[in-house]
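Chain residues, written in single-letter form:
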Amino acid sequence: MKRYAFRNIEKKWQKQWREDGTYEPNIGNAKKPFYNLMMFPYPSAEGLHVGNVYAFTGADIYGRFKRMQGYDVFEPIGLDGFGIHSENYALKIGTHPMEQAKISEKRFYKQLEAIGNGFAWNERLETYDPTYYRWTQWIFTQMWKHGLAYRKEQSVNWCPSCKTVLADEQVINEHCERCNSTVKSRELEQWFFRITKYAERLLNNLENIDWSERVKIAQRNWIGKSEGALIKFEIQSKTKKLTSNTYVEVFTTRPDTLFGATYVVLAPEHELVSKLPIKNQEEVKKYIKHTKSKTEQERIEHKDKTGVELVGVKAINPANKELIPIFIADYVLPSYGTGAIMAVPAHDTRDWKFAKKFDLPVKMVICTHYPAPTCPVLEEAYEGDGHLVDSGRFDGMKSKEAMRKITKYVGGKYKTQYRIRDWLISRQRYWGVPIPMIFCKACAADKKGEQKDMPGWYTVPEKDLPVELPHIEKFRPEGTGKSPLASVPEFYETTCPGCNEVARRETDVSDTFLDSAWYYLRYPSASDKQHAWNPKTTRKWLPVNLYTGGAEHSVLHLLYVRFVALALQDMKLLSFPAISGEEPFPKFRAHGLIIKDGAKMSKSRGNVVNPDEYIERFGADTLRMYLMFLAPFEEGGDFHDAGILGIVRFLDRVWKLFQSLHTENQMPEKKKDVLLQRILHKTIKKVSEDIEVLKYNTAISALMVLLGAIEEHRSHLSVANRQLFLKLLAPFAPHITEELWYELGNKTSIHTEPWPKYSPKFIKEDMFELVIQVNGKVRDTITLPRGITETEAKKAALASEAIQKHLNDRKLKKVVFVKDRLINFVV
RNA sequence: GCCGAGGUGGCGGAACUGGCAGACGCGCUGGACUCAAAAUCCAGUGAUGGCAACAUCGUGAGGGUUCGAGUCCCUCCCUCGGCACCA
């Protein structure tokens, strides 16, 4: 008997599928489109990672299942090849990113083919392809034209190792998401996208999309909505008369504690600081300088409070007209709220700590009991709710109720504040999409330009797109705050679209996350040269039916991509069918992480598993099934090679079974079926249901049980049921099933066959095991007909010797009967 | 600190809606085959006691609800993920 020669067989079918276009849907005329999308990989250093294989396989199984259910499944693939990661790799090994891209591309596509996914290869795309990024640039220009892109100088995250700025989302605990260096802050003029404008919609839409809950929560946290009040505190000076409108506005989520505000704190960067008649100028300046010298990291690390009082000025608490001191302190951040707070030490832990250090009064205004003879003496800030005390006419009121009333009383206004900040989109690197903007000094001087508030700036005219990234030798970032492209006059010298004078092209490139913020729109229209996305095709295929990817993109890619989709729809450049809503991915599932020996795979740990080796040794089908068998797809799992033998054995048994069935003498077809019918249909049900909820591990387990039963009753396996078994296995192990399918005499692919349906009548059992308990402990089981009544069941159960022994003639207190399941005698 | 997910044999993990805990697989033990090994096949495999039938214990810890709890409630511990001086 020949063994399963997976190497040749897998290669053979991969070639055949591609030739036959097995997985190419008819983009223009699909009847039941199903867009099965998985996050495309960035082609990095070591080639495909076993984690990629895991992600792709899990998504592919679902796609294959849907295809067999009669959908026109579209499962595209491409490469997210621009960006720091790819560029750093090229720098490291000393190749040019452009050449490296071609090398990686070849390697990745070869590996991706070897895993046996049903990819629609014809529509593949690479983000560094000018025919693709032409449209990325076009999107940038549209953002600009609709007021969603702007340039601004501000303190930004700077990675000293990558020598570029980073978006807030790319800074993890003050470390660069890519290289893990500590991020510094730097004042630079940069391009931003106004994602904050969409904060509320991005938050609200989460309620209506079917996403893994943990990802939704991560996004909610990131957007960070809080409701509060803006309250003005007038400022008085002892020495100098101030204009009557000198005030500081604070943002607070607890306006109910206003009577307890015993001082005010401004961020050291607050613009008002320089305008006030302060007596201790020197000290204040020193503190401000000190703050600026600190990195964000240091500022956050030192949680003990520092600050300086602004001597000579006082603020007036608008609630009780008390004069209270004003401080600057670095625990107040310039970028959140108004950059100023009212400090209520009694009811805020941070203010409490500051007040203790500077010996400032603590005034309690919220008490849990009311009327209370005495409120407890505080030993730490009380941040909960309660009744107001020492708050004038508001005494006794519940804090919730007092919030709005006090805000109104002092003329404040309610405000919703978000934590999210605008998306910093420019990068001072080489390997990315050039930002398609032109700056003209002459126009700037004349206050001319496309946007009133940004004189001198023009978009590159659409006919001139793409602005191609030139092949330059000195592409290494210098850390000057400028892209290497800024030293290439042939690139940046251009003419102004407004006045035709000499002008300068923007030399920064855009964040890689812009490339991936719209790729899903391009796939179905990949061959369209006139549109970024063809309107007709887009309405047919979008939104994506199932999006699969890693949870590590919870607040990066997955937020940007939603934002861009909403913005494009507002610009009327994109529309989804009305019933679909406005979200690009109504259903998203985050797959788990594959770890090794309890730790995340990483180069530094040296525990990265290369899939090639396993495909070579065991075959793609085996690797696929092994990975899927580890744990539920959404949970990930621990990769340890030993377990792969279980799958090797399983597929070997399948192979041998079919080989022997070909040759063995068989009983007539008519007589077969009966014995295996029940388990076959139960398995169809189980596997179908499990695939639907991505519980591939239990689906595979059911197939193993089924195989065991078949082996036991092999002579009862009809040809029809052999086919059925192969179909159930096909999404998991596409190659071996295809081979055996053809061996059974079929002439077309198993992967386009209809998915089996189960018949309830075969599953229905007429007998069941009654569990008999005495005082809740299982003492016996007996087989009885389904639907048996309590009286009959009781009679049968009491007839059991074991039960009689345990009842021991004691009196029955109670009998609990659960139909078709259990009877419990309580004595 | 806040929010979320989780903690089940030697290991990965099963367990409908509160109803036989440990499916399936790995590993391990014994056996068959073999000169031998590998591969394969068969049997066993939560712990303790017992020749055995069987009994007792057992799902992070402690308490509770219930005829019955891995599953529900309370308190606590630990692991992982997100946010974090965000007012």
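Structural data are supplied above this passage.
Source: prediction; values computed, not measured.

## Side note on the pattern of salt bridges
Across all of its chains, the model carries 33 salt bridges by this definition. We note a salt bridge from Arg 201 to Asp 570, for which the minimum N-O separation is 2.8 Å. A residue pair is termed long-range when its members are at least 10 positions apart, and Arg 201 in helix 6 (residues 199-204) and Asp 570 in helix 17 (residues 557-570) qualify at 369 residues. Residue classification places Arg 201 among the partly exposed positions, given a relative accessible area of 27%. With a relative accessible area of 40%, Asp 570 lands in the partly exposed category. Taken together, the shared-partner salt bridges connect Asp 60, Arg 64 and Arg 624 into one network.

## Considerations on the protein's contact with RNA strand B
Taken together, 51 residues lie near RNA strand B, and Thr 253, Lys 305, Arg 350, Arg 419 and Asn 824 sit nearest. Of all RNA strand B atoms lying within 4 Å of any protein atom, the proportion belonging to sugar or phosphate reaches 59%. In the environment of RNA strand B, a phosphate oxygen lies 2.5 Å from a nitrogen or oxygen atom belonging to the side chain of Arg 649. For the surface near RNA strand B, the per-class residue count stands at 24 nonpolar, 13 polar and 14 charged.

## Side note on the pairing of strand 29 (residues 587-591)
Counting buried positions along strand 29 yields five of five residues, so the element is predominantly enclosed. Relative to strand 29, strand 10 (residues 210-211) is paired through two bridges, and the arrangement is parallel. Residue pairing in the sheet places Asp 210 in a bridge with Lys 587 of strand 29. With helix 17 bridging strand 28 (residues 546-550) and the parallel strand 29, this β-α-β connection has right-handed handedness.

## Comments concerning the pairing of strand 33 (residues 767-774)
In terms of strand pairing, strand 33 meets strand 34 (residues 777-785) through eight bridges, oriented antiparallel. Paired with Leu 770 across the two strands is Ile 782, which belongs to strand 34. Counting the residues between successive antiparallel strands, the hairpin from strand 33 to strand 34 contains two residues, one of them, Asn 775, with a positive phi of roughly 50°. In this sheet, strand 36 (residues 822-826) lies alongside strand 33 in parallel orientation, the contact comprising four bridges. Counterpart to Gln 773 in the pairing with strand 36 is Asn 824.

## A few points about a positive patch on the surface
On the surface, Lys 11, Lys 106, Arg 107 and Lys 110 cluster together into a positively charged patch. In terms of residues, the positive patch owes the most to one element, helix 4 (residues 97-114), which gives three residues.

## Let's talk about the nonpolar core
Grouped together as the largest cluster of nonpolar side chains are 185 residues, with contacts concentrated most on Trp 423, Tyr 520, Phe 563, Leu 627, Phe 639 and Phe 732. Considering each element in turn, this core owes the most residues, 10 residues, to helix 17. Phe 233, Val 264, Leu 266 and Ile 328 belong to the second-largest nonpolar core, a separate cluster that totals 49 residues.

## Describing the packing of aromatic side chains
Each pair of aromatic rings is reported with the distance of its centres and the angle of its planes. Per the stated rule, a full pass over the model turns up 56 aromatic pairs. Geometrically, the ring pair formed by Phe 82 and Tyr 128 is edge-to-face, given 6.4 Å between the ring centres and 80° between the ring planes. Placement of Phe 82 in the loop between strand 3 (78-79) and helix 3 (84-93) and of Tyr 128 in the loop between strand 4 (125-126) and helix 5 (130-145) is noted, with a sequence separation of 46 residues between them. Grouping residues by exposure puts Phe 82 and Tyr 128 together as buried. Centroid distance Phe 354 to Phe 358: 4.5 Å. Interplanar angle 25°. Geometry classified as stacked. On the criterion of helical spacing, the pair formed by Phe 354 and Phe 358 is a turn pair, its members being four residues apart in helix 10 (residues 349-358). Residue Phe 354 is classed as buried on the basis of its relative accessible area, which comes to 0%. In textbook terms, an aromatic cluster arises when at least three aromatic residues are bridged by ring pairs, as seen for Phe 140, Trp 144, Trp 191, Phe 193, Tyr 198, Trp 423, Phe 439, Trp 457, Phe 513, Tyr 560 and Phe 563.

## Some thoughts on the sheet that holds strand 6 (residues 164-166)
One open sheet holds the four strands; their spatial order is 6-5-9-20, and the pairing between them is antiparallel. Strand pairing shows two members of the sheet lacking a second neighbour, strand 6 and strand 20 (423-424), which therefore form its edges. Where strand 5 (residues 149-159) meets strand 9 (residues 184-193), 10 bridges bridge the pair, whose relative direction is antiparallel. Paired with Glu 153 across the strands is Glu 189, a residue of strand 9. With respect to the sheet, helix 5 is in contact with strand 5 and strand 9, its orientation differing from that of strand 9 by roughly 90°.

## Details of the environment of Thr 262
You can see Thr 262 is positioned in the loop between strand 12 (247-252) and strand 13 (263-266). Judged by its relative accessible area of 6%, Thr 262 is buried. With 101 residues separating them along the chain, Thr 262 and Lys 363 place their C-alpha atoms 7.2 Å apart. Sequence-distant contacts of Thr 262, defined by excluding residues within four places in its chain, comprise Ile 324, Pro 325, Ala 343, Pro 345, Pro 361 and Lys 363. A distance of 3.0 Å separates a polar atom in the side chain of Thr 262 from the backbone oxygen of Pro 361.

## A short note on the environment of Thr 164
One can find Thr 164 in strand 6. Given a relative accessible area of 0%, Thr 164 falls into the buried group. In the structure, Thr 164 is positioned 264 residues away from Gln 428 in sequence and 5.0 Å away in space, judged by C-alpha atoms. Leave out the neighbours within four places in its chain, and Thr 164 touches Ile 84, Asn 157, Trp 158, Cys 159, Arg 427, Gln 428 and Arg 429.

Basis of the calculations
- Residues numbered from 1 in each chain as written.
- Chains lettered and ligands numbered in written order.
- Predicted model: local features only at pLDDT ≥ 70, side-chain atom pairs only at ≥ 80, totals over all residues.
- Heavy atoms only, no water.
- Salt bridge = Lys/Arg side-chain N within 4 Å of Asp/Glu carboxyl O.
- Helix = DSSP H or I, 4+ residues; strand = E, 2+ residues; numbered from the N terminus.
- Buried < 20%, exposed > 50% of the residue type's maximum accessible area, 1.4 Å probe, protein only.
- Near = heavy atom within 4 Å.
- Polar contact = N/O pair within 3.5 Å; in protein donor to acceptor, adjacent residues only side chain to side chain.
- Nonpolar A, V, L, I, M, F, W, Y, C, P; charged D, E, K, R; others polar.
- Pairing = 2+ DSSP bridges.
- Right-handed = clockwise from strand over helix to strand, strands pointing away.
- Patch = residues over 30% accessible without salt bridge, like charges linked within 9 Å, V, L, I, M, F, W, Y side chains within 5 Å.
- Areas by Shrake-Rupley, 256 points an atom, 1.4 Å probe, with all protein chains shown as cover.
- Lys, Arg positive; Asp, Glu negative; His and termini not counted.
- Charge placed at Lys NZ, Arg CZ, Asp CG, Glu CD.
- Core = buried A, V, L, I, M, F, W, Y, C linked by side-chain atoms within 4.5 Å.
- Phe/Tyr/Trp six-rings, centres within 6.5 Å; stacked < 30°, edge-to-face > 60°.
- Contact = heavy atoms within 4.5 Å.
- Axes fitted to C-alpha atoms, helices over the stretch in contact; angles between N-to-C directions.

Function cannot be inferred from these measures alone, as they are strictly geometric.
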